[in-house]
Protein chains: 2
Amino acid sequence: MEEPNTQTTETKVIAPRPKITTARLKSLIAKKDGKSIQKLFVKIPDIDIAEAANTLEPTELIFIFRCVESKYTADFFDELDQTAKENLVKAMTDKELVTIVNTQAADDVTDTVGEMPANLASKVLKAADKDMRKDINYLLNYKENTAGSIMTTEYIELRDSLLVDDAIEKIRDQGKDAETIYTIFVRDDKRNFVGTVDLDDLIFAKKNQTLHDIMNQDVVSCLTSTDQEEVGQMFRRYDLNALAVLNDDRRLVGIITIDDAVDVMTAEATEDIEKLGALTPAETNDGYLKTSPEKMAWRCIPWLIILLVMGTLSSLVLSRFDEKIAAVPLLASFLPVLMDGGGNSGGQTTTLMVRGLALKEFGPKQFGKVLWKEFRTACLVGLIVGVFGLFWFVMEQYLGIVAVQIPVNGVKTTENVFLGNCWNFEFFNFTIITAAVTGSALALTIVVAKVIAVCLPLGVAALKKDPALMSEPLLTTVADVAALLIYFGLAEAFIIPFMERL
Amino acid sequence: MEEPNTQTTETKVIAPRPKITTARLKSLIAKKDGKSIQKLFVKIPDIDIAEAANTLEPTELIFIFRCVESKYTADFFDELDQTAKENLVKAMTDKELVTIVNTQAADDVTDTVGEMPANLASKVLKAADKDMRKDINYLLNYKENTAGSIMTTEYIELRDSLLVDDAIEKIRDQGKDAETIYTIFVRDDKRNFVGTVDLDDLIFAKKNQTLHDIMNQDVVSCLTSTDQEEVGQMFRRYDLNALAVLNDDRRLVGIITIDDAVDVMTAEATEDIEKLGALTPAETNDGYLKTSPEKMAWRCIPWLIILLVMGTLSSLVLSRFDEKIAAVPLLASFLPVLMDGGGNSGGQTTTLMVRGLALKEFGPKQFGKVLWKEFRTACLVGLIVGVFGLFWFVMEQYLGIVAVQIPVNGVKTTENVFLGNCWNFEFFNFTIITAAVTGSALALTIVVAKVIAVCLPLGVAALKKDPALMSEPLLTTVADVAALLIYFGLAEAFIIPFMERL
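The model shown is predicted, which means the values in this text are computed figures rather than measured ones.

Here the focus is the overall build of chain A. Across its full length, chain A holds 24 helices and eight strands. Relative to a compact globule of 502 residues, whose C-alpha radius of gyration would be 23 Å, chain A shows 32 Å and is clearly more extended. In terms of its C-alpha atoms, chain A occupies a principal-axis envelope of roughly 100 × 60 × 45 Å.

Quick look at the structure:
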């Protein structure tokens, strides 16, 4: 368990408010000062208190629940971390549990129960009233990462023939349990979902209008089986506050609210970033500080091993050219720059592809268009970076940063004294040829790497798999082989014959 | 200009709706069928129509604006791309422009005007009424990427002493212009911002209650100068619908709504992903398909050149060891695997650091804790991957994937025939020593790379700069040098003496 991160509370919350720490909570509880604790809940957001309370003993936590009004404890319970929740459930009487469980949103209870050991989960389910238990069991049936698994069943659905005033009355009746009343879902008399009404439109409407008159008919909806990444995308694209979730018969069975969608979008962005960085995604969303080094290592190792095995291909290629390297050791000196150049430029394209696919800027169907654009980009990048490289590689040799070993006037020099040989004709030719070969290899590698970097993620996306699996390191490993083949191919054609003529 | 991406509309929107394409719009306009066009706006979300309309001629666009009710055109205009907007502004009469400009949200007009050439911007400002012009000028004054630049000035602010019924009446009066009425901002009689009231609490309140009785006092707020990344973080942490923006005197001057916050969160995630991939962030948010190859190349080249120059250090190190490579060419064969291993494992840590910092899971203050956790992780990862590497490198030599060149029984073998030499004692020793050196170098490199990968982003964050600038490729380049020094250091200590004894 870690100290709560108080950074956010300190620097970004402007209105002066009492600061909350674990120590302060502990001292208030020790003094049995229930009144002050109740006051904290008025002035401080639940999540800040929850972070400070996560490390309390179960008996201390129970004390908070006993002295604070129940309208605060539901949200507070939801913000605690899983360990604290489980400790509390263990320590609470069945009666206390009944209040906590039934004042919470069904989707939140479902998430909590889903991660609990069986004995605690059944204690929670026993405490749930009939409606809640039905909702939880219903929600538990949906596959992870689908719209069904993140939706809530607590929403307001009204008939389209209802008058505005009657609708407001119904909302007053039913609204307390709903997760949002800002979007009202409208069905016709055949129970088909036909539209939504925003609460503000309802408030501004004339009294003799029906919901049908004022509802939005251009609504989007998803199925229970829709992937949560697509749900996030729909919220972003259509600026939604809530999204209707339909079953296969096109009946409304749940809704997703914007706060849950924001969590999903954040989690999906994190997953993409981590996959791009060759990390196996985390199974639970505990955050960095709460993950043990063992778990973290386990997330790092699989890809490192896979990439090591794939790297064998580079070793194989390099080993076939080891005589060339022995003859022209300079070739080895430029290897890292060349391989990194290919990996980096391909990685840039991979990044653009994965993000573009995630944000649905393009799909596998646009393959031709994307490839053509990236090919033109690659040629430009290759040309400019290659020409820059040419000059740079000449300079490295003249400044003696890399050692040039050629026979000068019949004597093989092993060290290039600073500018000492610069007017020697053979030295001049050698530097130009090696720099030109390395620069051209760099340019070609950039083009090849970028083209591969378009094909891999889009190909994976066409197979309906996650394109982020084609991580930057994976691309680097593939680009390495291309770089080596191009480099030694050019070296064999131009540098080796030159050396032999000397 | 590109074809609209119809993917989203086709696959995720379930309710059957007329499909919209540029061709269909063009044909309706050619037939002057205003009625059908008006109908489209009832059934189809504005953004889908706007995407199809972006490629229309200005005269065709104007036709749409003339036949569609003005309550639809404001949102429609906002969803068009910048080029289409500018064409429209050019083509519209001043009177038409007045309607469009003044029915839009001030922050949207400000964004549009901010990107327009001066002559068009002044045409828009002339069309704006007094209030709108004041708002635009006010918003234009805030620095990019601050809360001030994304806030809107159209919100509802009420006195805390107001009765619930009077408040609802005021909302009915003022609400039409407000960007949201779901959160009401409350001030005391000294004009200090003291809390918020959610519209649902207002609807469920008793008639004799004042706003003060029902308002949330545990509200968070930000300053106009707060970075937009922090704004996104606050929405995520506190599940907000709207956030109050205060000036330095702690007076409310604007609000940020969740839909704008979602856009900011998406843009910030994209920027982090791109920086991690060594891309210069885009200046305008046009999306991949609308960016020209020249612009795209320009985003790729700076980091590639910087990394190429930094790679000189690797060349320098490698060049100093070229005699060792000539003596034991096998050393070169394992180079790519070793350097990639360091870069990849360091890149994993960079990814975790940049994302953790962006989500405020930890800050530079937790440096010691993060470093210690990552060090333990690195030791575990290094140990396991290093040991795996050892066996793998032995195998590569025995299978002849890499060529082993040692004097066997006095004759220097240049090719290792498949398993042919495996029972030779010197061959056995040589493979074990080289594999052990390479495996140990890999393990050490992983530890060093992961430690550097903690220090770079956290150090940059401590200097209040963007940690995502410490991209994975940058880390790779630094880790390369470490890998080479460790590898050749170990090779000099163990492999070279062994070779000399043969």
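This brings us to the relation of the copies chain B and chain A. When chain B is fitted to chain A, the best match, at an RMSD of 0.0 Å, comes from turning it 180 degrees and sliding it 0.0 Å along the axis. Here the transformation between the copies is reduced to the relation of a two-fold axis. No C-alpha of chain B approaches the rotation axis more nearly than that of Ala 326 of chain B, which lies at 2.3 Å.

Now for the nonpolar core. Formed by 215 residues in total, the largest nonpolar core has its most connected members in Leu 243 and Ile 256 of chain A together with Leu 243 and Ile 256 of chain B. The leading source of residues in this core is helix α23 (residues 425-462) of chain B, at 17 residues. Residue contacts for Leu 243 of chain A: discarding those within four places in its chain leaves Val 220, Ser 221, Cys 222, Val 231, Met 234, Phe 235, Ile 255 and Ile 256 of chain A.

Attention shifts here to the interface of chain B and chain A. When the parts of a complex come together, some accessible area is lost, and that lost area is often taken as the interface size. Taken together, the contact between chain B and chain A spans 119 residues of the former and 119 residues of the latter. Broken down by class, the residue content of the side of chain B that touches chain A amounts to 63 nonpolar, 31 polar and 25 charged.

Turning to the pairing of strand β6 (residues 252-257) of chain A, a few remarks are in order. Alignment of strand β5 (residues 242-246) of chain A against β6 of chain A, held across five bridges, turns out to be antiparallel. Along β6 of chain A, the bridge assignment pairs Leu 243 of chain A with Ile 256 of chain A.

Next up on the list: the packing of helix α8 (residues 94-103) of chain A against helix α10 (residues 118-127) of chain A. All names here are of chain A. Where α8 meets α10, the closest approach of the two axes is 8 Å, and the angle between their N-to-C directions is 75 degrees. It follows from the interaxial angle that α8 and α10 lie roughly perpendicular. Each of Asp 94, Leu 97, Val 98 and Val 101 in α8 lies in contact with α10, whose residues at this interface are Lys 123, Val 124 and Ala 127. For the contact of α8 with α10, the residue count by class is five nonpolar, no polar and two charged.

Residues and elements named next belong to chain A. Direction vectors running N to C along helix α6 (residues 70-79) and α8 enclose 70 degrees, while the axes themselves pass 9 Å from each other. Relative to α8, the element α6 is oriented roughly perpendicular. Contact residues: Ser 70, Thr 73, Ala 74 and Phe 77 in α6; Thr 99, Ile 100 and Thr 103 in α8. Partitioning the contact of α6 with α8 into residue classes produces three nonpolar, four polar and no charged.

It is worth spelling out the sheet that holds strand β1 (residues 157-159) of chain B at this point. Residues and elements named next belong to chain B. Across the sheet, which stays open at both edges, the three strands sit in the order β1-β2-β3 with mixed pairing between neighbours. The sheet is open, and its two edges are formed by β1 and β3 (193-198), each paired on a single side. Strand after strand, the sheet turns through a mean of 35 degrees between neighbouring axes, direction not considered. By the bridge criterion, three bridges tie β1 to strand β2 (residues 183-187) in an arrangement that is parallel. For Leu 158, the partnering residue across the bridge sits in β2 and is Val 186.

Once that is clear, we can look at helix α7 (residues 82-91) of chain B. Residue and element names in this part refer to chain B. Within the span of α7, buried status applies to Lys 85, Leu 88 and Val 89. Around the axis of α7, the buried residues are gathered within 100 degrees of arc, so they sit on the same side. Those residues of α7 that are buried are in contact with α5 (58-67), α6 (70-79), α8 (94-103), α9 (106-114) and α10 (118-127).

This brings us to the sheet that holds strand β6 (residues 252-257) of chain B. Residues and elements named next belong to chain B. Strands sit in the order β4-β5-β6 across an open sheet of three strands; the sheet is mixed. In this open sheet, the two strands that pair with only one neighbour each are β4 (221-223) and β6. Strand-to-strand, the axes of this sheet are offset by a mean angle of 35 degrees, without reference to chain direction. Lying over the sheet, helix α17 (residues 258-276) contacts β5 (242-246) and β6, oriented at roughly 65 degrees with respect to β6.

This paragraph deals with the environment of Val 113 of chain B. With respect to the secondary-structure elements, Val 113 of chain B resides in helix α9. Those residues in contact with Val 113 of chain B, other than ones at most four positions away along the chain, are Ala 121, Val 124, Leu 125 and Ile 136 of chain B.

This brings us to the environment of Leu 88 of chain B. Residues and elements named next belong to chain B. With respect to the helices, strands and loops of the structure, Leu 88 is situated in helix α7. As a C-alpha pair, Leu 88 and Glu 60 span 28 residues in sequence and 9.8 Å in three-dimensional space. Every residue in contact with Leu 88, bar those within four places of it in the chain, is listed here: Pro 58, Leu 61 and Ile 62.

For the rest of this paragraph, the subject is the confidence of the model for chain A. Residues and elements named next belong to chain A. On average, residues of chain A carry a pLDDT of 85, and 92% of them reach 70 or more. A low-confidence stretch, residues 1-16 (pLDDT under 50), is modelled with 29 contacts involving residues beyond four sequence positions or located in other chains. Low pLDDT, under 50, characterises residues 414-418; the stretch is placed with ten contacts to residues that sit more than four places away or in other chains. On the interface metric, ipTM, the complex scores 0.79, and its pTM is 0.79.

Before going further, it helps to examine helix α23 (residues 425-462) of chain A. Between its first and last C-alpha, α23 of chain A extends 55 Å over 38 residues, near the 56 Å set by a 1.5 Å rise per residue. Positive backbone phi, at 65 degrees, marks Lys 464 of chain A, one or two positions downstream of α23 of chain A.

Right, let's talk about the environment of Thr 291 of chain A for a bit. Within the secondary structure, Thr 291 of chain A is located in the loop between α17 (258-276) and α18 (293-320). Once residues lying within four places of it in the same chain are set aside, the contact partners of Thr 291 of chain A are Ala 282, Asp 286 and Met 296 of chain A.

Cut-offs applied
Residues numbered from 1 in each chain as written. Chains lettered and ligands numbered in written order. Predicted model: local features only at pLDDT ≥ 70, side-chain atom pairs only at ≥ 80, totals over all residues. Helix = DSSP H or I, 4+ residues; strand = E, 2+ residues; numbered from the N terminus. Rg over C-alpha atoms; globule rule 2.2 N^0.38 Å. Least-squares fit on C-alpha atoms with pLDDT ≥ 70 in both. Core = buried A, V, L, I, M, F, W, Y, C linked by C-beta atoms within 7 Å. Buried ≥ 20, exposed ≤ 12 C-beta atoms within 10 Å, placed from the backbone. Contact = placed C-beta atoms within 7 Å. Nonpolar A, V, L, I, M, F, W, Y, C, P; charged D, E, K, R; others polar. Pairing = 2+ DSSP bridges. Axes fitted to C-alpha atoms, helices over the stretch in contact; angles between N-to-C directions. Parallel < 35°, antiparallel > 145°, perpendicular 65-115°, else oblique. Arc of directions from axis to C-beta. pLDDT = per-residue confidence, 0-100. Expected span 1.5 Å × (residues − 1).

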